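Take a look at the letters that make up each chain.
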Amino acid sequence: MLEAKRQAKLVAARQRYEQTMQKHPELWAIESKLVELYRQKVLREGNFVLAAWEEQVAALQKQRNQYLRQHKIPLNFAEPQWDCPLCQDTGIFQGQMCNCERQRLLESRFRGAHLPTRLREQTFDQFSLDWYSAARKTPLGNSEREQAAAVLHVCQAFVAAVMENPRDASGIFLTGQSGLGKTFLCSAICHSLAANNIVPLYIVFSDLISDMRASFQHDSGDADLLAMAREAPVLILDDLGAEHVTEYAISRLFDIINYRRNERLPMVISSNLTLAEVERIYSQRVFSRVIEACQPALLYGTDIRSQQRRLGIS
Ligand SMILES: [Zn+2]
């Protein structure tokens, strides 16, 4: 299945190359000279001088790139368009399961997961501070809009820190009432990291728990799901507190957060709950791990989804 898709992309890239060459004879002329030069290098014809050869290749490549830019053709037009540049859609990177494959496995196990669409649409560029009031004050003394700007900054700084060194990136506990843009920001973080070749694991906590319980009850083992959540390079745990809180959920949550804190693996947790409620509902030890691993980021306002609809953003 994966392989068939990969082959189709390789074929598409080849077709794109051929069609472009047919449409652009000038480009084809440059390309032919390059091909001829590579042939000469392999055969080492005549009195082959590597330095001279390299000079000729560099000059032609420069010409080629100039032509492409002038005609608004992407420089990588002949390369296959991989969903995951890391593993080139093989699902295997450096001898191990690639994160994109982990995410696929996880999504295929979750009922009704609709992350891919959200991931495409909800980016930092699409996030608007206009959804938050510049007039209403938060309990912190600033306006709701100023506070949203601060939270946005925390989220973008998190992405930058992960890019720099994941083990130094402090996590985020993103809190606020429902409809204030928490999932939007989670998606934007995912999107931004994925664009930089880091594929985070995004899960809605209630989905994870019900899926782990189902595997547990059917004896197929919940350990692999737990391991994925524990070991993903970056974990985005969305909507903590929406699940049915049980001893099982609490112990799994502790397990995940404790492991990640000890291994210094970054995470973002979003929740309608305040930190005080986390302590009351999930126990003191969950609370203490959360505040050790994450900085709180609080959103205030009124449901932004109605405003998004008004502004024509779904
Ligand atoms: Zn991959």
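Note that the structure is a prediction, hence the values are computed from the model and not measured.

What counts as what
Residues numbered from 1 in each chain as written. Predicted model: local features only at pLDDT ≥ 70, side-chain atom pairs only at ≥ 80, totals over all residues. Heavy atoms only, no water. Pairing = 2+ DSSP bridges. Helix = DSSP H or I, 4+ residues; strand = E, 2+ residues; numbered from the N terminus. Axes fitted to C-alpha atoms, helices over the stretch in contact; angles between N-to-C directions. Donors = N, O, S within 2.8 Å, 3.2 Å for Na, K, Ca; no water. Buried < 20%, exposed > 50% of the residue type's maximum accessible area, 1.4 Å probe, protein only. Expected span 1.5 Å × (residues − 1). Arc of directions from axis to C-beta. Salt bridge = Lys/Arg side-chain N within 4 Å of Asp/Glu carboxyl O. 1 Å grid on protein atoms, 1.4 Å probe; cavity = no way out; pocket = protein on both sides within 12 Å on 5 of 7 lines; lining within 4 Å. Points joined across faces, edges and corners; volume = space filled by probe spheres on them. Nonpolar A, V, L, I, M, F, W, Y, C, P; charged D, E, K, R; others polar. Core = buried A, V, L, I, M, F, W, Y, C linked by side-chain atoms within 4.5 Å. Contact = heavy atoms within 4.5 Å. Phe/Tyr/Trp six-rings, centres within 6.5 Å; stacked < 30°, edge-to-face > 60°. Parallel < 35°, antiparallel > 145°, perpendicular 65-115°, else oblique. Left-handed = near helix turned anticlockwise from the far one by under 90°.

*Asks:* Could you give me a rundown of the sheet that holds strand β7 (residues 294-298), with the residues and numbers involved?
*Replies:* Overall, parallel pairing links the five strands, which are arranged β4-β5-β6-β3-β7 in an open sheet. Where the open sheet ends on each side, the last strands, each with one partner, are β4 (201-204) and β7. For this sheet, the mean angle separating the axes of adjacent strands, direction not counted, is 15°. One ladder, built from four bridges, connects β4 with strand β5 (residues 235-240); its direction is parallel.

*Asks:* Hey, could you go over the coordination of the zinc ion for me, with residue numbers and the actual values?
*Replies:* Coordination of the zinc ion by the protein involves Cys84 (SG), Cys87 (SG), Cys98 (SG) and Cys100 (SG), with metal-donor separations of 2.2 to 2.3 Å. Every donor residue of the zinc ion comes from the same chain, spaced as C-x2-C-x10-C-x1-C. Of this pair, cysteine 87 sits in the loop between α3 (50-70) and β1 (92-93) while cysteine 98 sits in the loop between β2 (96-97) and α4 (99-109), and the two are 11 residues apart along the sequence. Taking relative accessible area as the criterion, cysteine 98 reaches 2% and is therefore assigned buried.

*Asks:* I'd like a description of helix α2 (residues 25-43), backed by residues and values.
*Replies:* Compared with the 27 Å implied by 1.5 Å per residue over 19 residues, the 27 Å span of α2 between its first and last C-alpha is a close match. Within the sequence span of α2, burial applies to Leu27, Ile30, Glu31, Leu34 and Leu37. The buried residues of α2 occupy an angular sector of 115° when the element is viewed end-on, so they sit on one face.

*Asks:* Could you give an account of the pattern of salt bridges, naming the residues involved and the relevant values?
*Replies:* Across all of its chains, the model carries nine salt bridges by this definition. For arginine 230, the salt bridge identified is with aspartate 255, shortest N-O distance 3.0 Å. Here the residue arginine 230 occupies a position in helix α9 (residues 223-231), and aspartate 255 occupies one in helix α10 (residues 247-263), the gap between them amounting to 25 residues. The class of arginine 230 is partly exposed, set by a relative accessible area of 22%. One connected set of salt bridges, linked through shared partners, spans Lys9, Asp83 and Asp89.

*Asks:* A description of empty space enclosed by the protein should follow, citing residues and the corresponding values.
*Replies:* Per the counting criterion, the structure on display carries one cavity of 30 Å³ or more. In this structure, the largest cavity encloses a volume near 30 Å³. Asn99, Arg102, Gln103, Val199, Pro200, Leu201, Ala232 and Pro233 together form the lining of the largest cavity. For the lining of the largest cavity, the element with the most residues is α4, which contributes three residues. Tallied by class, residues from the lining of the largest cavity come to five nonpolar, two polar and one charged.

*Asks:* Mind laying out the environment of proline 233, listing which residues take part and the relevant values?
*Replies:* Checked against the element boundaries, proline 233 lands in the loop between α9 and β5. Measuring from C-alpha to C-alpha, the distance between proline 233 and asparagine 99 comes to 8.3 Å, with 134 residues separating the pair along the chain.

*Asks:* Describe the pairing of strand β3 (residues 171-175), listing the residues and the values that go with them.
*Replies:* Burial of β3 is extensive: five of the five residues sit out of reach of the surface. Residues Gly171, Phe173 and Thr175 point to one face of β3 and Ile172 and Leu174 to the other, with burial holding for every one of them. Pairing of β3 with β7, which is carried by five bridges, proceeds in the parallel orientation. When the bridges of β7 are listed, leucine 174 appears paired with alanine 297. Bridge count between β3 and strand β6 (residues 267-271): four bridges; the pairing is parallel. Bridging across to β6, leucine 174 finds its partner in serine 270.

*Asks:* Before we move on, could you go through the nonpolar core and cite the residues and values that matter?
*Replies:* By size, the foremost hydrophobic cluster in this structure holds 32 residues, and its most contacted members are Ile172, Leu185 and Ile189. Of all the secondary-structure elements, those providing two or more residues to this core are α6 (144-164), β3, α7 (182-195) and β4. Ranked by the residues each element gives to this core, the list is headed by α6, at eight residues. Residues contacting leucine 185, with those up to four places away along its chain left out, are Phe124, Phe127, Val151, Leu152, Cys155, Leu174 and Leu299. Grouped together as the second largest cluster of nonpolar side chains are 31 residues, Phe173, Leu235, Leu273 and Val286 included.

*Asks:* Could you give me a rundown of the packing of aromatic side chains, with the residues and numbers involved?
*Replies:* A complete count under the given rule lists seven aromatic pairs for this structure. On the numbers, 5.5 Å between centres and 80° between planes, the contact of tyrosine 38 with tryptophan 53 is edge-to-face. One end of the pair, tyrosine 38, is in helix α2; the other, tryptophan 53, is in helix α3, with 15 residues separating them in the sequence. Summarising the aromatic geometry, the rings of tryptophan 131 and phenylalanine 184 are spaced 5.3 Å apart at their centres and angled 65° between planes, so their arrangement reads as edge-to-face. Here tryptophan 131 is found in the loop between α5 (115-121) and α6, whereas its partner phenylalanine 184 is found in helix α7, with 53 residues between them in sequence.

*Asks:* Describe the packing of α9 against α10, naming the residues involved and giving the relevant values.
*Replies:* Helix-helix packing is characterised by the crossing angle of the two axes and by the distance between the axes. Closest axis-to-axis distance for the α9/α10 pair is 8 Å, and the angle between their directions is 40°. Here α9 lies oblique to α10, going by the angle between them. Along this stretch, α9 crosses α10, giving a crossing that reads as right-handed. Where α9 abuts α10, its residues Leu226, Ala229, Arg230 and Glu231 lie against Arg252, Asp255, Ile256, Tyr259 and Arg260. Grouping the constituent residues of the contact of α9 with α10 by class yields four nonpolar, no polar and five charged.

It is worth stressing that arrangement in space is one thing and function is another; only the former is reported here.
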